[in-house]
Amino acid sequence: MKTIAVAIDGPSGAGKSTIARAAAGHLGFVYVDTGAMYRTIGLAVCRAGIALGQTERIQSVLDSGIQVSLKYEQGVQHVLLDGEDVSASIRTPEMSKYASFVSAVPAVRAFLLQTQREMAKTHNVIMDGRDIGTNILPNADVKIYLTASVETRAKRRYDELTEKGENCDFEEIARDIQERDARDMNREIAPLKKADDAVLVDSSDMTIEEVVNTICSHCK
Ligand code: DC
């Protein structure tokens, strides 16, 4: 069976997961959040007592036979580390840092590549990440590069956290975003960049609905 693949890449906080999830619902496709897979390896590395920056110790975690898998319940992706559902534990600021750290390691990227490609072979997917259109699915039927200004992304994150009652500092959030952009865009392996044939969508002044409609119309 010929499957259809939609690749959505872009920097942190551009709204990729919200948009991709909604578009997948509209199109009846499976939503694959590849960032969650990097976060899960980050969690395994953190649990192994490895500090940020100790790159040389990461291979031992991969060699220990860890398994990262995805499961879907009512269309919602859950990510499993050795069978344990870690979907909630990977959503902390610390795991954002660990994910960004491990994602620059070639062995980690190689470890996840096959699982990601396999998903697209067996399902119609909307897959989001940083290198989906450039590296994982270079022949994707539709490629979107979704971005937004640093200010917009920081403001969205700030609103999200204050709504949850968390104390946070706008400047610090904006700095974290810029640091993560710099790491993701400047790493040697599979850096974040727009594929030549990707459609650029800047969501800074768009509502979620407008972005979802734009993406769905490209898919149709
Ligand atoms: O999308 P996210 O914030 O959950 O991603 C976490 C980190 O993983 C991010 O800093 C970059 C990395 N990542 C990557 O390098 N390649 C992907 N395909 C997805 C995520």
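Structure: above.
Residues numbered from 1 in each chain as written. Predicted model: local features only at pLDDT ≥ 70, side-chain atom pairs only at ≥ 80, totals over all residues. Heavy atoms only, no water.

A complete count under the given rule lists two aromatic pairs for this structure. A centroid spacing of 6.4 Å and a plane angle of 70° characterise the contact between Y98 and F101, whose relative ring orientation is edge-to-face. One end of the pair, Y98, and the other, F101, are both in helix 4 (residues 93-102), three residues apart, so they sit about a helical turn from each other. Using a relative accessible area of 6% as the deciding quantity, one classes Y98 as buried. Seen from their ring centres, Y158 and F170 are 6.1 Å apart, and the 75° between their planes marks the pair as edge-to-face. Residue Y158 is found in helix 7 (residues 150-163), and its partner F170 is found in helix 8 (residues 170-186); the two are separated by twelve residues along the sequence. Take F170: its relative accessible area is 27%, and that puts it in the partly exposed class. (Phe/Tyr/Trp six-rings, centres within 6.5 Å; stacked < 30°, edge-to-face > 60°. Helix = DSSP H or I, 4+ residues; strand = E, 2+ residues; numbered from the N terminus. Buried < 20%, exposed > 50% of the residue type's maximum accessible area, 1.4 Å probe, protein only.)

Two strands in a sheet stick together by hydrogen bonds in their backbones, pointing the same way (parallel) or opposite ways (antiparallel). The strand order across the open sheet built from five strands is 2-6-1-7-8, with neighbouring strands paired in parallel fashion. One side of each edge strand has no neighbouring strand; the edge strands of this open sheet are strand 2 (30-33) and strand 8 (199-202). Across the sheet, the mean angle separating the axes of adjacent strands is 20° when strand polarity is ignored. Relative to strand 7 (residues 142-147), strand 1 (residues 5-9) is paired through four bridges, and the arrangement is parallel. Within the sheet, the bridge partner assigned to I8 lies in strand 7 and is I144. Helix 2 (residues 34-47) rests against strand 2 and strand 6 (125-129) of the sheet, and its axis sits at about 40° to strand 2. (Pairing = 2+ DSSP bridges. Axes fitted to C-alpha atoms, helices over the stretch in contact; angles between N-to-C directions. Contact = heavy atoms within 4.5 Å.)

Limitation: the analysis is restricted to geometry and does not speak to function.
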